[in-house]
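Architecture and fold: a report
What follows is the residue order along each chain.
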Amino acid sequence: MLGTDFRTGSPVWLDLGSPDTDGAAAFYTAVFGWSFTALGPEAGGYGFFQIDGKTVAALGPLTEDGANTAWMVHFMSPDVQATVTAVRSGGGEIRMEPMDVMGEGWLAQATDPQGAEFAVWQPGKTAGLGRVSEENSLVWAELHVPDPAAAIEFYRGVFGWRSQEMQTPGMTYRVLSLADGDQQQTSFGGVAPMGEGAGGGVEKPRWVPYFHVADVDATVSAVKENRGSVLMPAADVPDVGRISWVADPSGAVFALLKPDPRM
């Protein structure tokens, strides 16, 4: 599972671009118990979601023309310029060239060859999230694309990730790990073919964040009570845990997971 000892390719940051930041802040506070702190006008409406003073995610207004609300997973790079070059070499697109974020780090935004958007973060004063793999924080990052094998080749060229196939009912799931260290201990996410586990027609190429929750069913109820929607009802997945796919009132998709204690 994820940790805060960030290395090349680690999910290091997570933020939500929303057309209604006030509504999003209220929704996620109600669902996860997060607090939201806006950083002020100089940050363009951007701010942090926190638990006990530790950042679990961030929120800001949509900044790209025609952009839809979505969660964006950021992956750590020690050299953002080199990573941008690798993205282009692999057939990906750079939507935002590397920029210095007020000394906190360097940020670039990219799209992989199959259309899934992600971001690259080279740490400066901000290393990354302060809390992961605990209740109500990011625990897993999952990529849904038409061609998982091609996606793995692309990201291996960009971040050096390793993968391992796992057979699940109806599909082959690929578990992703960092380039170095024990493969199981450095696993952080997976790749699944589009249409699996997301309600069919709502699916498109994308990275989906999974949040660790103590009670998936109770959290699904909180999502519905706060005008969110359920894309995939809560279900038990053998050797994984209980999961559900949901969306906030503006349509940003995310998933809930209560991990199997044997994981």
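Look up: the structure comes first, before these words.
Reading the values: rules and limits
Residues numbered from 1 in each chain as written. Predicted model: local features only at pLDDT ≥ 70, side-chain atom pairs only at ≥ 80, totals over all residues. Heavy atoms only, no water. Salt bridge = Lys/Arg side-chain N within 4 Å of Asp/Glu carboxyl O. Helix = DSSP H or I, 4+ residues; strand = E, 2+ residues; numbered from the N terminus. Buried < 20%, exposed > 50% of the residue type's maximum accessible area, 1.4 Å probe, protein only. Pairing = 2+ DSSP bridges. Axes fitted to C-alpha atoms, helices over the stretch in contact; angles between N-to-C directions. Contact = heavy atoms within 4.5 Å. Phe/Tyr/Trp six-rings, centres within 6.5 Å; stacked < 30°, edge-to-face > 60°. Parallel < 35°, antiparallel > 145°, perpendicular 65-115°, else oblique. Left-handed = near helix turned anticlockwise from the far one by under 90°. Nonpolar A, V, L, I, M, F, W, Y, C, P; charged D, E, K, R; others polar.

1. Considerations on the pattern of salt bridges
For the coordinates displayed, the defined rule picks out nine salt bridges. For Arg 95, the salt bridge is made with Glu 117, and the minimal N-O distance between the two is 3.9 Å. Here Arg 95 is found in strand 6 (residues 93-100), whereas its partner Glu 117 is found in strand 8 (residues 117-123), with 22 residues between them in sequence. Note that Glu 104 is salt-bridged to Lys 125, the shortest N-O span being 3.8 Å. Of this pair, Glu 104 sits in the loop between strand 6 and strand 7 (105-111) while Lys 125 sits in the loop between strand 8 and strand 9 (138-145), placing them 21 residues apart in sequence. Residue class for Glu 104 comes out partly exposed when judged on its relative accessible area of 25%. Ionic contacts of the salt-bridge type, sharing partners, join the residues Asp 52, Arg 131 and Glu 134 into one network.

2. Observations concerning the sheet that holds strand 2 (residues 35-38)
Reading across from one edge, 2-3-4-1-5-8-7-6 is the order of the eight strands in this open sheet, with mixed pairing throughout. The strands lining the two open edges of the sheet, one partner per strand, are strand 2 and strand 6. Sheet twist, expressed as the mean angle between neighbouring strand axes with direction ignored, is 25 degrees. Along the sheet, helix 2 (residues 80-89) contacts strand 6, strand 7 and strand 8; its crossing angle with strand 6, the most-contacted strand, is approximately 175 degrees. The strands touched by helix 3 (residues 148-159) within the sheet are strand 5 (70-76) and strand 8, with strand 8 carrying the most contacts at an inclination of about 15 degrees.

3. What to know about the packing of aromatic side chains
The tally for this structure, following the rule as stated, stands at 33 aromatic pairs. Relative to Trp 71, the ring of Tyr 28 has its centre 5.3 Å away and its plane inclined at 85 degrees; by these criteria the two rings are edge-to-face. In this pair, Tyr 28 sits in helix 1 (residues 21-32) while Trp 71 sits in strand 5, placing the two residues 43 residues apart along the sequence. The pair Tyr 28 / Trp 71 is uniform in exposure class, with both members buried. Each ring, one from Phe 118 and one from Phe 159, has its centre 6.3 Å from the other, and the planes form 70 degrees; the classification is edge-to-face. Residue Phe 118 is located in strand 8, and its partner Phe 159 is located in helix 3; the two are separated by 41 residues in the primary sequence. A relative accessible area of 4% means that Phe 159 is categorised as buried. Among the aromatic side chains, those forming a connected cluster through ring pairs are Phe 27, Tyr 28, Phe 32, Trp 34, Phe 36, Phe 49, Trp 71, Phe 211 and Phe 254.

4. Structural notes on the pairing of strand 13 (residues 206-212)
Along strand 13, seven of the seven residues are buried, which leaves the element largely enclosed by surrounding structure. Residues of strand 13 alternate between two faces, with Arg 206, Val 208, Tyr 210 and His 212 on one and Trp 207, Pro 209 and Phe 211 on the opposite face, all of them buried. Summarising the sheet, strand 9 and strand 13 pair through six bridges and their orientation is antiparallel. Within the sheet, the bridge partner assigned to Trp 140 lies in strand 13 and is Tyr 210.

5. Section: the packing of helix 1 against helix 4 (residues 216-225)
Interhelical geometry of helix 1 versus helix 4 gives an angle of 150 degrees and a closest axis separation of 9 Å. On the basis of their axis angle, the class for helix 1 and helix 4 is roughly antiparallel. The chirality of how helix 1 crosses helix 4 is right-handed. For the pair formed by helix 1 and helix 4, the contact residues are Phe 27, Val 31 and Phe 32 on the first element and Thr 219, Ala 222 and Val 223 on the second. Of the residues in the contact of helix 1 with helix 4, the class split is five nonpolar, one polar and no charged.

Without other data, these values stay purely geometric and don't point to any function.
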